[in-house]
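Here is what each chain is made of, one letter per residue.
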Amino acid sequence: MLEKIAARYAVAITPAMAELIEAADDPIGRQFVPTEAELQILPEESADPIGDLAHSLVEGIVHRYPDRCLLKLNHACAVYCRFCFRREMVGPDGLRPLSPAALDAAMDYIAERPAIWEVIVTGGDPFILSPRRLREAMARLAAMPHVKIVRFHTRVPAVAPEMITGELVAALQASGKTAYVALHANHARELTPAARAACARIVDAGLPMLGQSVLLKGVNDDPETLAALFRAMVETRIKPYYLHHPDLAPGTAHLRVAIEDGQALMRAIRGTVSGLCQPTYILDIPGGHGKVPVGPDYLADGRVEDPAGRRHAYPPSDCGGGGC
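A. Representation of the overall build of the protein within the structure. Within the protein, the secondary structure is distributed over 10 helices and 12 strands. Taken against the 2.2 N^0.38 rule, which gives 20 Å for 324 residues, the C-alpha radius of gyration of the protein at 21 Å falls within 12% of a compact globule. Seen through its C-alpha atoms, the protein measures out along the principal axes to roughly 70 × 50 × 40 Å. Burial statistics for the protein: of 324 residues in total, 50% are counted as buried. Summarising the internal contacts of the protein: among those between residues at least 6 apart in sequence, 77% fall at separations of at least 24. Carbon together with sulfur atoms contributes 57% to the accessible area of the protein, which is approximately 14,400 Å² in total. Averaged over its 33 positive side-chain charges, the protein has a centre that lies 4 Å from the centre of its 38 negative ones.

B. Expanded view of the state of the cysteines. Enumeration according to the criterion identifies zero disulfides in this entry. Free of any disulfide, Cys-77 has its nearest cysteine sulfur in Cys-84, 6.3 Å distant. The thiol sulfur of Cys-81 is not disulfide-bonded, and the nearest other cysteine sulfur, from Cys-84, lies at 6.3 Å. Residue classification places Cys-81 among the buried residues on the basis of a relative accessible area of 11%.

C. Up close: the packing of helix 4 (residues 100–111) against helix 5 (residues 131–142). The geometry of helix 4 relative to helix 5 is characterised by a closest axis approach of 10 Å and an angle of 30° between their N-to-C directions. One element, helix 4, and the other, helix 5, form an angle in the roughly parallel class. Like other packed secondary-structure pairs, helix 4 and helix 5 cross with a definite hand, here right-handed. Between helix 4 and helix 5, the contacting residues are Leu-103, Asp-104, Met-107 and Ile-110 on the first element and Ala-137, Arg-140 and Leu-141 on the second.

D. Molecular detail of the nonpolar core. With 80 residues, the main nonpolar core has Ile-110, Val-119, Phe-127 and Phe-152 as its most contacted residues. Look past the residues within four positions of Val-119 in its chain and what remains in contact with it is Cys-69, Leu-71, Ile-110, Leu-141, Val-147, Ile-149, Val-150 and Arg-151.

E. Quick peek at the side chain of Thr-14. Assignment of secondary structure puts Thr-14 in the loop between helix 1 (2–8) and helix 2 (15–18). Judged by relative accessible area, Thr-14 falls into the buried class, the value being 8%. Not counting the four nearest positions on each side in its chain, Thr-14 is found in contact with Ala-78, Val-79, Val-159 and Ala-160.

F. View of the environment of Glu-3. One can find Glu-3 in helix 1. Residues Glu-3 and Val-156, 153 residues apart in the sequence, show an inter-C-alpha distance of 26 Å.

G. Focus on the sheet that holds strand 4 (residues 149–154). Within the open sheet, the nine strands sit side by side as 1-2-3-4-5-6-7-8-9. Their pairing is mixed. Taken across any chain shown, the strands that pair with only one partner, and hence form the sheet edges, are strand 1 (61–65) and strand 9 (290–293). Between one strand axis and the next, the sheet turns by 30° as a mean value, whatever way the strands run. Packing of helix 4 onto the sheet brings it into contact with strand 1, strand 2 (68–72) and strand 3 (118–122), and relative to strand 1 it is tilted by some 25°. On top of the sheet, helix 8 (residues 193–204) reaches strand 5 (178–184), strand 6 (209–214) and strand 7 (238–244); it is set at about 140° to strand 6, its chief contact.

H. Structural context of the pattern of salt bridges. Under the defined criterion, the tally for this structure stands at 20 salt bridges. Put simply, Glu-38 and Arg-82 hold a salt bridge, and the shortest N to O gap is 2.9 Å. Taken together, the positions of Glu-38 in the loop between helix 3 (29–32) and strand 1 and Arg-82 in the loop between strand 2 and helix 4 put the pair 44 residues apart, joining distant regions of the chain. Accessibility expressed as a relative area gives 1% for Arg-82, which makes it buried.

I. View of helix 8. Spanning 12 residues, helix 8 covers 16 Å between terminal C-alpha atoms, matching the ideal 16 Å at 1.5 Å per step. Within the sequence span of helix 8, burial applies to Ala-195, Ala-198, Cys-199, Ile-202 and Val-203. Down the axis of helix 8, the sector holding all buried residues measures 135°, keeping them to one side. Exposed and oriented more than 90 degrees from the buried face of helix 8 are Pro-193 and Asp-204. Contacts made by the buried residues of helix 8 are with helix 6 (156–159), helix 7 (166–171), strand 5, strand 6 and strand 7. Positive backbone phi, at 95°, marks Gly-206, one or two positions downstream of helix 8.

Parameters at a glance
Per chain, the residues get numbers from 1 upward, laid out in the order the sequence is written. Given that the model is predicted, a residue must reach a pLDDT of at least 70 before its local features are reported, and side-chain atom pairs must reach 80 or more before they are shown or counted; all residues, however, enter totals for whole chains, interfaces and linings. To obtain the side-chain values, all non-hydrogen atoms of the structure were included, while hydrogens and water were left out. Only DSSP runs of H or I with at least four residues qualify as helices, and only runs of E with at least two residues qualify as strands; both kinds are numbered from the N terminus onward. The globule rule used for comparison is 2.2 Å times the number of residues to the exponent 0.38, while the radius of gyration itself is calculated over C-alpha atoms. Think of it in three bands: with a 1.4 Å probe and only protein chains considered, a residue is buried below 20% of the maximum accessible area for its type, exposed above 50%, and partly exposed in between. Two residues form a contact once any of their heavy atoms are found within 4.5 Å. Surface accessibility in these figures is a Shrake-Rupley result with a 1.4 Å probe; residues are shielded only by whichever protein chains are displayed. Under this rule, positive means Lys or Arg and negative means Asp or Glu; His and the chain ends count for nothing. Think of each charge as sitting on NZ of Lys, CZ of Arg, CG of Asp or CD of Glu. Note that a disulfide, as used here, is simply two cysteine sulfur atoms within 2.5 Å. To define axes, lines are fitted to C-alpha atoms, for helices over the stretch in contact only, and angles between the resulting N-to-C directions are given on a 0 to 180 degree scale. Here the angle decides the label: under 35 degrees means roughly parallel, over 145 means roughly antiparallel, 65 to 115 means roughly perpendicular, and every other value means oblique. The crossing is said to be left-handed when, going from far helix to near helix, the turn is anticlockwise and less than a right angle, and right-handed when the turn is clockwise. Throughout, nonpolar core names a set of buried Ala, Val, Leu, Ile, Met, Phe, Trp, Tyr and Cys residues whose side chains join them through atoms within 4.5 Å. The rule for pairing is simple: two strands pair if DSSP sees at least two bridges between them. In the sections that follow, a salt bridge refers to a side-chain nitrogen of Lys or Arg positioned within 4 Å of a carboxyl oxygen of Asp or Glu. What a helix should span is 1.5 Å times the count of its residues minus one. The arc in question is the one traced by the directions running from the helix axis out to the C-beta atoms.

Okay, here's the thing in structure tokens:
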């Protein structure tokens, strides 16, 4: 079974994550240990579930929104998530890293478009690249005055914290640019003491951190687990940013939840967990149409619902002409 899965999708688990796995179906194991369910492909699933290719006119660039673009320097990761929406593109048999000529073309694309305010460096995982390569990429972006923000998306601080060295952190900084690091973590257990120390090295260097998570069945699909994850992030000086509804990637149905269940979870933690711990519940519309918030709606028909589920008229009907 493992051979069949590995023949189609990349498999890799770091020692830091292997130490946390107590069983193949525990919240850490479900993220990284292959299972036969991955061989079951549903008709609605797609190799490109969020439509990256429709917005990639140049290799390594995905330009879906006017003021920002993705820059995919490589297509390898330290670990391979069993729910990855780019699972057909990453890994040893996936897309190749950008060649020097392709990197030049990608950088030229960004340089020629002054509307691009933010560049999101992703992949793959950019933090498995050498500090030299990251420093060179930042130097090239630093020469573009219209690019103000560079955001790095990574799992490395949690899954391989020893890779977050002073040299790597320094490579993320460039004069005139604000760099952010967005950490992907889905369970509080991933934020081990070593992971928190790695994140501290980033934050202490002046780089703000954001948290991105995916809502996954059997991993974090209950209010207590989600609250623990978001609190752990905030304690680590990471602001929860997005909770992604899982994408329709091939062989991932066993990890997906219904949007209605996700909305109920977000409603359950609203009012009981600090506002610092509240990400936006987001859906990436299949076909490349972009991300939209899909959290619960609290206002309808002139009435607003409070965190306890009680509904109130808004504005209150007893305000009168002089206001409340």
